[in-house]
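Inside the fold
Given next are the chains, with one letter for each unit.
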Amino acid sequence: MEEVHRAPEPEVLAPLLERARLGAAERDRIVATSLELLADLREGQRTGWVNQFLQEYRLNSSEGVALLSLAEAFLRVPDPDTADRLIADKLGDGDWRSHAGHSHSQLVNSATWGLVIGRALVGQNQQANALKRLIARSGEPFVRQAVGAAMRMMGEIFVMGRTIEEAIKRMKKPEHRGFTASFDMLGEAARTFPDAERYFTSYLGAIEAVGKARSGGSTEANHSISVKLSALHPRYEVAQWGRCVPYLTERLETLAEAAAKAGIGLTVDAEESERLEMSFDIIEAVAELPALKGWNGFGMAIQAYGKRAQRTIGWAEALASRTGRMMPVRLVKGAYWDSEIKHSQEMGLPDYPLFTRKAATDVCYLACAKDMLEAKAIRPAFATHNALTAATIIEWAGPRGKDGSASFEFQRLHGMGEGLFERLVREKGHRCRIYAPVGGHRDLLAYLVRRLLENGANSSFVHQLADEHLTDEQLLADPVDRIVAVGGTRHPSIPLPGDLFMPQRPNSQGLDLEDWRVLKRVKEGIAGRSGIGPEPEPVTDVAPLVDRAARAFPGWSGLPIEDRAACMIRLADLLEERRGELMALAVHEANKTIPDALAEVREAIDFCRYYAGEAVEKLQPVELPGPTGESNILRMEGRGVWTCIAPWNFPLAIFTGQVAAALVTGNTVIAKPAPQTPRIAAEAVRLAHLAGVPEDALILVPGGPTVGAALTGDPRIAGVAFTGSTPTAKKIAQSLLEGDDRPIVPLIAETGGVNAMIVDSTALAEQVVADVLLSAFGSAGQRCSALRLLLVQEEVAEHMIQMLTGAMDALIVGDPADPATDVGPVIDDAAYDKLMTHRAAMKDRWVKTLEVPEKGRFVPPTLIRLDSMDDLKTEWFGPLLHVATWKSGKLEETVQRVNAKGFGLTMGLHSRIARGSELVEARARVGNLYVNRSMIGAIVGSQPFGGEGLSGTGPKAGGPHYLPRFCAERVTSIDTTSAGGNASLLSLDDVGLGL
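Residues numbered from 1 in each chain as written. Predicted model: local features only at pLDDT ≥ 70, side-chain atom pairs only at ≥ 80, totals over all residues. Heavy atoms only, no water.

**A word on unusual backbone geometry**
With an omega of 15 degrees, the peptide bond running from Met502 to Pro503 counts as cis. Within the secondary structure, Pro503 sits in the loop between α22 (479-485) and α23 (516-527). Phi at Asn591 takes a positive value of approximately 60 degrees, unusual for a residue other than glycine. With respect to the secondary-structure elements, Asn591 resides in the loop between α26 (579-590) and α27 (594-618). (Helix = DSSP H or I, 4+ residues; strand = E, 2+ residues; numbered from the N terminus.)

What follows is the structure, given as structure tokens:
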């Protein structure tokens, strides 16, 4: 399936369109059935208050988004102060009054008036104050209790039960008569091994309970269980294939054997596309178990938004035939669409693994449905809320859907699509299974948000059904016709990952490291290049080299900007061509892990292309306004010879970025790499010369601090770009001021920081933990931007820290050339000794530390508890994370205390309170603030990087203000009247010549 995964959309759609195409008579019958289903569905929408509530507050309205955000966070907030601020944040700006009285449901209208009053209670205007006085001290607790009750009521609607017993009991209620359920124990994804074990136990208990409640008859006539493999292992990732696939296979075997014994079905849920082939291995191994022969309850889910959906159905049919079983296959539209689009863009992949148009997904769904209906060894289950889709399946299935064999079934989400299937089940003999989440309401929230977004999106059938401006004809438009009308092309607002930054520049090409074949080739290529060659000889005398660069300056700076930019673009292309060799150098010389090595090369490429585009666009001469008879031209020109001093932690990306910026602006460059990583710098310089940069315009100067001091002390140096430690930056700044005759030259310094992440009680713990692991321990903590100080609101600190320590247990510390490695060794003995000394001094404060290999400079990732955030005063450049707490209501004070440390590079915030984000943005004195995401991985042109205070001078690398710092600004003013006046005035019609 590899060739389909990233194939162009029209190419993948062509056979699907033919498969899904309808004849005229067939289409007429389907539309007639669809209209009947629409009537049923609309009736169902009118009778359910939640359906009406969601129609009133749609996701394309600010009120709908506010309510969704409130529902996502409220129930997990333990402290009343934060709960009140969350309510005020989400309700305070909504125009709730405009919704009052609009709904057919009295309950919805009552809820709306509650929101009107709620806004008044949490607002700041005169009316709010009067109402607060009226209700006196009961005001905000009243709102808090009301909101809590509303959120729990939503939980009742979307969750079948808090326990499996409660869910089974609820399925016996009259409204579910004729339906069966597939219970999902809300195992979204395990972050820790204890989480995974808890989910596994929950699944086993559910299988036992559902088996006991079995009503007899065939497996398909009874309730079933759905299982997420990502809930059973915290590292369900391709890079961890070797350890997670065998483990998950064993776990799934146990669950399958229990389900077979209980006589119920077990379905493996769909996951993100990169896990598909891992799922194949696991499912295949379980299906082939001799102990399960004859049991037809083992199934899988397939997502029709994926380009490999049809081939996956073929794979399932072949597996079922080979193992002599009927395999249940649930066909769904898809659940991770937006995140997979974003991921492909970030990774610079050639194309998307899924369709970019909703109609294309619908076409694929229908083509897959036809294949499933014709398959001999598949028992189809069609999960849909779309009347047209359901009617098409009914037409194609003919009488098979109504006989006792139950050759297929429909499925729908609990809390969604009421009315669509009731008559089909109770009057026409079709079967429908309800996908029913089970668990505590607090646990459902991430699931709830995803499902509401998925089914409430503007393009979804559920949302379109509520749009009074859409006719039935528009609702029931044939998706094949819609795709043919646009030629099967990709959606125009979703550029290919490679075109993300066009027209200025192409995105750097990535590698799909989540494809095991690609990862295997990369691993073998890096292992085959372990001999990284001799280290360049250090320089002892820099003066002759500065002479050479100075002599080269007039010729290089005299070239047109376009020519210098073309050299940078050629350098970017060469870097991309040599990606494999450069990644190997980064792994073997700088101890980069494979993903970090790829990111390093891509960033270097992006720097070259970005600065080339910026130079051509923004450094051209500019004609300035002035009085008539005068010409004023501003020019940006090179200053002379620049010294660029790069660090070892980004030996290619930062090195190349500094050099490219200096060169494209017309300067010549003496480039000094860190003494730990001279080989990769030497290769970058060699490629720059191949790209057309004269050898005297870019000169590599290997060496240590003595060489650096000689360069910065040379009065002919016209500017310095430096990335490294704060003490070294200060020494360079002082050296640039020495000597009475020395010009005042610019220093661009990027240094480190005591980078803090602030977490409040509205944050989702699972998301926080994932971002903390990456920010603190990715690259062995050896990034300027890395997280050093985690500040957690005290009300949730213990839970957050417990989850974090559990997630640390899943980290792999080892050889960076192994794709499974998360944390490699630190760069050298000096760094190792410094970090280990600090770690030993803090031993009585360790919360968690990991075992590491005995040989090598491996600093154990360690979590250190502080009594106060003020106890951390300096940067520790490695995998050591310090954690402290802060009190509710003290967010601004917490930010100020972080500011007081004097560093200002990065800061993180995890919160669902928008006003909190605004406060931090206004108060934080940092160069880069990251909200609800990791703190590392700044993208050139998107997230310009650099700090302030003790963390650097600016301007930001990879940003629009970087290049001018390398330039001298020069203005030429010419009085044209001295040569006989302004001739252009003579062409004006109404000029009086005074003759």
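**Quick word on the sheet that holds strand β8 (residues 432-437)**
As summarised here, the arrangement of the eight strands in space is β1-β2-β3-β4-β5-β6-β7-β8, forming a closed barrel in which the pairing is parallel. Mean inter-strand twist for the sheet, computed between neighbouring axes without regard to direction, equals 30 degrees. In this sheet, strand β5 (residues 327-332) lies alongside strand β4 (residues 298-303) in parallel orientation, the contact comprising four bridges. Considered in β5, the bridge of Gln303 is made with Val332. Packing against the sheet, helix α14 (residues 309-322) makes contact with β4, β5 and β6 (378-383), and its axis sits at approximately 170 degrees to β4. (Pairing = 2+ DSSP bridges. Axes fitted to C-alpha atoms, helices over the stretch in contact; angles between N-to-C directions. Contact = heavy atoms within 4.5 Å.)

**Quick word on the pairing of strand β2 (residues 224-227)**
The alternating pattern of β2 places Ser224 and Ser226 on one face and Ile225 and Val227 on the opposite face, and all of these are buried. The sheet contact formed by strand β1 (residues 180-184) and β2 spans three bridges and is parallel. Across the sheet, Ser182 pairs through a bridge with Ser224, a residue of β2. Inspection of the sheet shows β2 paired to strand β3 (residues 265-268) by four bridges, in the parallel sense. (Buried < 20%, exposed > 50% of the residue type's maximum accessible area, 1.4 Å probe, protein only.)

**Observations concerning the pattern of salt bridges**
Counting across every chain of the model gives 59 salt bridges. We note a salt bridge from Arg433 to Glu409, for which the minimum N-O separation is 2.8 Å. In this pair, Arg433 sits in strand β8 while Glu409 sits in strand β7 (residues 409-413), placing the two residues 24 residues apart along the sequence. The class of Arg433 is buried, set by a relative accessible area of 4%. Residue class for Glu409 comes out buried when judged on its relative accessible area of 9%. Between Glu577 and Arg578 there is a salt bridge, and its shortest N-O distance comes to 3.3 Å. Its relative accessible area of 56% is what places Glu577 among the exposed residues. By sharing partners, the salt bridges in this structure join Glu36, Asp40, Arg423 and Lys428 into a single network. (Salt bridge = Lys/Arg side-chain N within 4 Å of Asp/Glu carboxyl O.)

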